Amino acid sequence: MIHSTFFIKSYGCQMNIYDSEKIISILENKGLKQDDNLESADLVVFNTCNIRDKAAHKLYSDIGRLNKYNKNKTIAVVGCVAQAENVEMFNKNTSIDIILGPQSYHLLPQMIDDLSINPKQINTEFIINEKFDYLTEQKKIQGISSYVTIQEGCDKFCSFCVVPYTRGPEYSRPMKSLIDEVDSLTKNGAKEIVLLGQNVNAYNFTDNGKKINISDLIEEISKNKKVRRIRYTTSHPINMSDDLIKLHSTNDKLMPFLHLPVQSGSSEVLKKMNRKYDTDFYIKIIEKLKSVNPKIEISSDFIVGYPGETDDDFKKTLDLIEKIKFTQSYSFIYSARPGTKSALEKDQTPLYVKKERLSILQNKLREIQFEFNKSFCGTNTEVLVENQSSNSEYFFGRTSYMQAVYIKSKNINPGDVKNVYISTCNPKNLYANC
Ligand code: SF4
């Protein structure tokens, strides 16, 4: 079959969206054209995520729906579900043609060509450095806010998580190639660099005997005059080193907003999760951050209804939320992922309890987020303008705390960093004039 067009769908986290951009680049370099219409594309790529049960279910229902339109398409399933389910996917759905793990996207063009020799193609090897060597050569146009993967994989083995099995051990990219990538992105208009990694603050690379950590890397990136803002995500509390904490007071390009997932406010649950810290440790990290920079704000992930989570454990999570006042967070009901330790736990919390707790927790997070947003009303705040919204009267930007801001103005352009007057807000957005 001749492939002229492709459609790509991403599931899950920011790392996957970033990977999808790279896959688009790879396929365009092969001469394929991106098609926004799934029905007319010759090749459909599903870039999957295995963190939540829902994402894997959604994949199979999407493939089922696709089969109804047209059976003559090539279907490639790439990413973490492909890695985790491996050859088993061919048995679950016979219309899948290509299965490709997250470390081998650069092999996709060759696999498409090889379909004429073997109609079922699979590669799930961990050849991570080869992947990055190849992807660095790809075209780098993202946007005003651009992502750079500095680290992949995880050695932590939280009991609920599949990442160490699907993305492999921690691997940090060489600093030189990261600096080159940042240079290339800023030449194409990037003003904000978001450093990505499953354990981004575990970044650790040795160059000619010199150990380089994430603080060194941020300092180096800061030297690029076109970079106005730097963020990093997702961090693990045990990798919040003193020098990284201190950098939040000395580097003014580093935004005062940190995504530092705690997952639960109960030390007992954290122990069962194998998170390697307790609540006191987490609170001390936040205190240290606030002591070097009182303006810093924190966001987190929460898992509600972990096996064995009692009412008292859940109350401790609510107490921690009240204490830290997380200004933005992601919260999920616990879902057992096959192959993880927690999936074997007998004491699974009933679904109705999990749903009730999630609703209480999300209401609390929403209240805090709304209060935080309200504190900006009637003040001027600095916004990085990212684009013009579909309603052309408004521009879209973000504050240093990642709040979404809609700005009514005729005098601004994407890429500007402007002080704008916040006139009103809701729990999700701020509205400004300029
Ligand atoms: S730190 Fe835990 S939750 Fe994060 S990727 Fe590693 S195993 Fe998964």
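Computed from a predicted model, the values in this text were never measured in an experiment.

Analysis parameters
Residues numbered from 1 in each chain as written. Predicted model: local features only at pLDDT ≥ 70, side-chain atom pairs only at ≥ 80, totals over all residues. Helix = DSSP H or I, 4+ residues; strand = E, 2+ residues; numbered from the N terminus. Rg over C-alpha atoms; globule rule 2.2 N^0.38 Å. Buried ≥ 20, exposed ≤ 12 C-beta atoms within 10 Å, placed from the backbone. Axes fitted to C-alpha atoms, helices over the stretch in contact; angles between N-to-C directions. Parallel < 35°, antiparallel > 145°, perpendicular 65-115°, else oblique. Left-handed = near helix turned anticlockwise from the far one by under 90°. Contact = placed C-beta atoms within 7 Å. Near = placed C-beta within 6 Å. Nonpolar A, V, L, I, M, F, W, Y, C, P; charged D, E, K, R; others polar. Pairing = 2+ DSSP bridges. Core = buried A, V, L, I, M, F, W, Y, C linked by C-beta atoms within 7 Å. Domains from an automatic or database assignment. Expected span 1.5 Å × (residues − 1).

J.: Help me out: how do you make sense of the overall build of the protein chain in this one?
T.: A count of helical and extended segments in the protein chain gives 14 helices and 21 strands. Relative to the compact-globule value of 22 Å for 434 residues, the protein chain shows a C-alpha radius of gyration of 22 Å, a close match. The burial tally for the protein chain puts 43% of its 434 residues in the buried class.

J.: I'm lost on the packing of helix α10 (residues 242–250) against helix α12 (residues 279–292) in this one. Help?
T.: Packed helix pairs are specified by the crossing angle of their axes together with the interaxial distance, meaning the distance between the axes. It is at 8 Å that the axes of α10 and α12 come closest, and there the two elements cross at 30°. One element, α10, and the other, α12, form an angle in the roughly parallel class. Considering how the two elements wind past one another, α10 and α12 form a crossing that is right-handed. Across the interface between the two elements, Ile245, Lys246, His248 and Ser249 of α10 pack against Lys288, Leu289 and Val292 of α12.

J.: Explanation requested: the site of the ligand in the structure shown.
T.: Neighbouring the ligand are Cys154, Lys156, Phe157, Cys158, Cys161, Val163, Pro164, Gln198, Asn199 and His236. Taken together, the residues that form the shell around the ligand break down as 6 nonpolar, 3 polar and 1 charged.

J.: I tried to follow the sheet that holds strand β17 (residues 380–388) on my own but got confused; where do I start?
T.: For sheets, the rule is that strands pair by backbone hydrogen bonds, running either parallel or antiparallel. If you trace the 5 strands once around the closed barrel, you get β17-β18-β19-β21-β20, paired in mixed fashion. Going from strand to strand, the sheet's axes swing by 50° on average, the running direction of each strand aside. With 5 bridges connecting them, strand β18 (residues 394–399) and strand β19 (residues 404–408) associate as antiparallel partners. Among the inter-strand pairings, Gly397 is bridged to a residue of β19, identified as Val405.

J.: What should I look at first to understand the packing of helix α9 (residues 214–222) against α10 in this one?
T.: Where α9 contacts α10, the two axes come as close as 8 Å, and the packing angle between them is 30°. In terms of orientation, α9 and α10 fall into the roughly parallel class. Mapping the contact onto sequence places Ile214, Ser215 and Ile218 in α9 and Asp243, Leu244 and Leu247 in α10. By residue class, the composition of the contact of α9 with α10 is 4 nonpolar, 1 polar and 1 charged.

J.: Just to check I follow, could you spell out the sheet that holds strand β5 (residues 98–100) for this structure?
T.: An order of β2-β1-β3-β4-β5-β6 is seen for the 6 strands of this open sheet, with the pairing classed as parallel. On the outer flanks of this sheet lie β2 (33–34) and β6 (121–123), each paired with one strand and no other. In the packing of helix α1 (residues 14–29) onto the sheet, contacts are made with β1 (5–10), β2, β3 (43–48) and β4 (74–79), and the angle to β1 comes to roughly 170°.

J.: Mind showing me how you'd approach the pairing of β4 here?
T.: Side chains on a regular strand alternate between the two faces of the sheet. Within β4, 5 of the 6 residues are buried, which leaves the element mostly enclosed by the surrounding structure. In this sheet, β4 lies alongside β3 in parallel orientation, the contact comprising 6 bridges. The residue of β4 that forms the bridge with Thr48 is Gly79. Two elements, β4 and β5, share 3 bridges in a ladder whose sense is parallel. Looking across to β5, one finds that Ala76 is bridged to Ile98.

J.: Which parts of the structure should I look at to understand the nonpolar core?
T.: Note on soluble globular proteins: their nonpolar side chains tend to be buried together. Counting residues in hydrophobic clusters, the biggest one holds 100 residues, and the most contacted among them are Val45, Val77, Leu100, Leu108 and Ile193. Setting aside residues no more than four positions away along its own chain, Val77 makes contact with Phe46, Thr48, Leu59, Ala82, Met89, Ile96 and Ile99.

J.: Just to check I follow, could you spell out the domain arrangement of the protein chain for this structure?
T.: Parsing the protein chain into structural domains produces domain 1 (5–127), domain 2 (129–372) and domain 3 (380–433). Placing the centre of domain 2 and that of domain 3 at their C-alpha centroids yields a distance of 25 Å. Facing 17 residues of domain 2, the contacting portion of domain 3 comprises 9 residues. If you tally residues by element for the side of domain 2 that touches domain 3, the top one is helix α14 (residues 351–374), at 3 residues. Looking at the side of domain 2 that touches domain 3 residue by residue, the class counts come to 5 nonpolar, 6 polar and 6 charged.

J.: Please clarify how the environment of Glu181 should be interpreted in this entry.
T.: Position of Glu181 among the secondary structure elements: in helix α8 (residues 175–187). Exposure remark for Glu181: the 23 C-beta atoms within 10 Å place this residue in the buried category.

J.: Before we go on, may I ask you to explain the environment of Pro256 in this structure?
T.: Mapped onto the elements, Pro256 comes out in the loop between α10 and β14 (257–259). Exposure remark for Pro256: the 16 C-beta atoms within 10 Å place this residue in the partly exposed category. Put simply, Pro256 and Ile298 are 42 residues apart on the chain and 8.6 Å apart in space, counted from C-alpha to C-alpha.

J.: Help me understand α1, please; the structure alone is not making it clear to me.
T.: Owing to its 3.6 residues per turn, the α-helix aligns residues three or four sequence positions apart on the same side. Helix length check: α1 (16 residues) gives 23 Å between terminal C-alpha atoms against 22 Å at 1.5 Å per residue, within 8%. Buried within α1 we find Met15, Asn16, Asp19, Glu21, Lys22, Ile23, Ile26 and Leu27. Positioned one or two residues after α1, Gly31 has a phi angle of 100°, which is positive.

J.: Which parts of the structure should I look at to understand unusual backbone geometry?
T.: Most peptide bonds adopt trans geometry, and most residues besides glycine take a negative phi value. Of the consecutive residues Thr233 and Thr234, the connecting peptide bond is found in the cis state with omega at 5°. Relative to the assigned elements, Thr234 resides in the loop between β13 (229–233) and α10. Despite not being glycine, Lys325 shows a phi value in the positive range, around 55°. Its location among the elements puts Lys325 in the loop between α13 (311–324) and β16 (328–333). Judged by the 13 C-beta atoms lying within 10 Å of it, Lys325 is partly exposed.

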